Amino acid sequence: MQIDVIKGHGSGNDFLLIDEISNIYSFSEEDRANLAKVLCNRDSELGADGILFIMNSNHADGRMRVFNADGSEASMCGNGLRLVARYICELKGLNEAVIETMKAILKVRKQEDIYPQVHTYQVEISPVLFELKALPLNLNKPTLFNERIKELSEELRFTALAVPNPHLISIVETELLENNIQKELSEKVNGPNDLFPDGVNVSFVKLLEKGSIYVRTFERGVGFTNACGTAMSASSLVTCLTQSNDYEKVINVYNNGGKVQCIVHKLDDTYTIDLIGNATYLYRASIQLNLSEATYYVSSTSNFAEQEIYEKLQADAQEMIKQTL
Ligand SMILES: N[C@@H](CCC[C@H](N)C(=O)O)C(=O)O
């Protein structure tokens, strides 16, 4: 069969967008998982961190389903939602929209460019849940805020939250970004395990200066990615809870793929986060696919001329990381 995809990225977290609004593909659930495994394979022609299926919704302007590179489905994807926001807004001629995700209907809107000529979208990250059963995390306590998990590390402190995909966040010093600790501990908990039956995304966060943080994430179902939007949002919230940053103020979040901005809102005990950043298209591709044999080839591509401009944002972000990390 032939399918058309757009490859795009948010902060270098790259995805294949498949439009099931304009095309009738009729994928089974098994097909979706297999598509993710086959097309996202980095040794194949396309390769990506995941697939974003863009679908019609009965309750919203569109619906997003996210599959990680290993074929697992995630409840949410912040960087991916910016790409889907752009796709749906452009398809339907909107400046703002609501998009159905697995666990919530979320507001998205086109934003002022975060960097000259870089397509920029703002997406809502919500609901935010601290109850350990929401991740789930099997510890004998209701929540985990800046505390040790003895099974994982004697030294590090963690906060666990679901936004609503599961995240484990640790605020660290630079030395801890320079060794293998994050990879080693992430590999223990990334996939299903006794502590996190559904696995977890693991982020190390370094405070750079007031209003600026650096976040690196080992993602469930993928491994280290250039950036993870939900992780950067969750990390921003954790730095507000620890009083290193302020609610309602822009937090610049640097990552290995560039930079986004987060604004954390607190209303009584309810938190929501605005995630603002690029939604960059790389190219459009037509694929000839043989799913039963798990093979495909790309029959044609056409480039969007957006990456060169994005790389200026990325170079500025890398300079900031180099100077402050
Ligand atoms: N990179 C995404 C998150 C994708 C899902 C994640 N790997 C999970 O399994 O929860 C983002 O930008 O939020």
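Source: prediction; values computed, not measured.

(A) Structural context of the packing of aromatic side chains. Tallied over the entire structure, the rule returns 7 aromatic pairs. A centroid spacing of 5.2 Å and a plane angle of 20 degrees characterise the contact between Y25 and F27, whose relative ring orientation is stacked. Taking 5.5 Å as the distance between ring centres and 90 degrees as the angle between the ring planes, the aromatic pair formed by F53 and F67 counts as edge-to-face. Remark: F67 occurs in strand β4 (residues 62-68) and F53 occurs in strand β3 (residues 50-55); sequence separation between them is 14 residues. Given the relative accessible area of 0%, F53 is considered buried. Pairwise contacts between aromatic rings join Y25, F27, F53 and F67 into one cluster. Here the guanidinium or amino end of R32 rests over the ring plane of F53, the centre of that ring lying 4.8 Å away. The aromatic ring of Y281 is capped on one face by R86, whose charged end is 3.7 Å from the ring centroid.

(B) Broad picture of the site of the ligand. Looking at the ligand, there are 14 residues lining it, with N13, G78, E219, G229 and T230 nearest. Interatomic distance of 2.7 Å between a backbone N/O atom of G78 and an oxygen atom of the ligand. Between an oxygen atom of the ligand and a main-chain N or O atom of G229, the distance comes to 2.6 Å. Relative to its free-state accessible area of 360 Å², the ligand is covered by the protein chains to the extent of 99%. If you list the elements that add at least two residues to the shell around the ligand, you get α2 (78-92) and α4 (229-241). Partitioning the shell around the ligand into residue classes produces 4 nonpolar, 8 polar and 2 charged.

(C) Broad picture of the environment of D19. Mapped onto the elements of the fold, D19 is located in strand β2 (residues 13-19). Classification of D19 by relative accessible area gives buried; the value is 5%. Aside from chain neighbours lying at most four places away, what touches D19 is Y25, I54 and Y87. At 2.6 Å, the side chain of D19 and the side chain of S22 are in polar contact.

(D) Fine view of the pairing of strand β16 (residues 270-278). Counting buried positions over the 9 residues of β16 gives 7, a clear majority of the element. With 6 bridges connecting them, strand β8 (residues 120-125) and β16 associate as antiparallel partners. Counterpart to E124 in the pairing with β16 is D274. The pairing of strand β15 (residues 258-267) with β16 spans 7 bridges and is antiparallel. Each bridged residue has a counterpart across the sheet, and for L267 the counterpart in β16 is T270. The antiparallel hairpin formed by β15 and β16 contains 2 residues in its connecting segment, where D268 sits at a positive phi of about 55 degrees.

(E) A look at the side chain of Q122. Checked against the element boundaries, Q122 lands in strand β8. A polar contact of 2.6 Å, which involves the side chain of Q122, links it to the side chain of Q111. Apart from the residues within four sequence positions on either side, Q122 is in contact with K107, V108, R109, Q111, D274, L275 and I276.

(F) Spatial organisation of the pattern of salt bridges. Per the counting criterion, the structure on display carries 16 salt bridges. Between R86 and E306 there is a salt bridge; the shortest N-O distance is 2.8 Å. In this pair, R86 sits in helix α2 while E306 sits in the loop between β18 (295-303) and α5 (307-324), placing the two residues 220 residues apart along the sequence. Across the pair, E306 and R86 agree in class, each one buried. Salt-bridge contacts for K322 lead to E319; the nearest nitrogen and oxygen are separated by 3.6 Å. Of the two residues, K322 and E319 are both situated in helix α5; the distance of 3 residues between them amounts to about one turn of the helix.

(G) Structural view of the domain arrangement of the chain. Per the domain assignment, the segments of the chain are domain 1 (2-124 + 279-324) and domain 2 (132-276). For domain 1 versus domain 2, the distance between C-alpha centres works out to 23 Å. Across the contact, 31 residues belong to domain 1 and 30 residues belong to domain 2. Between domain 1 and domain 2 lies a buried interface of about 2,300 Å² when both sides are counted; carbon and sulfur atoms form 56% of it. Our count for the contact surface shared by domain 1 and domain 2 stands at 0 salt bridges. The interface formed by domain 1 and domain 2 includes 9 residue pairs in polar contact (both at pLDDT 80 or more). If you list the elements that add at least two residues to the side of domain 1 that touches domain 2, you get α2, β8 and α5. Top contributing element to the side of domain 1 that touches domain 2 by residue count: α5, with 8 residues.

The rules behind the values
Residues numbered from 1 in each chain as written. Predicted model: local features only at pLDDT ≥ 70, side-chain atom pairs only at ≥ 80, totals over all residues. Heavy atoms only, no water. Phe/Tyr/Trp six-rings, centres within 6.5 Å; stacked < 30°, edge-to-face > 60°. Helix = DSSP H or I, 4+ residues; strand = E, 2+ residues; numbered from the N terminus. Buried < 20%, exposed > 50% of the residue type's maximum accessible area, 1.4 Å probe, protein only. Lys NZ or Arg CZ within 6 Å of the ring centre and 35° of its normal. Near = heavy atom within 4 Å. Polar contact = N/O pair within 3.5 Å; in protein donor to acceptor, adjacent residues only side chain to side chain. Areas by Shrake-Rupley, 256 points an atom, 1.4 Å probe, with all protein chains shown as cover. Nonpolar A, V, L, I, M, F, W, Y, C, P; charged D, E, K, R; others polar. Contact = heavy atoms within 4.5 Å. Pairing = 2+ DSSP bridges. Salt bridge = Lys/Arg side-chain N within 4 Å of Asp/Glu carboxyl O. Domains from an automatic or database assignment. Buried area = accessible area lost by both parts, 1.4 Å probe.

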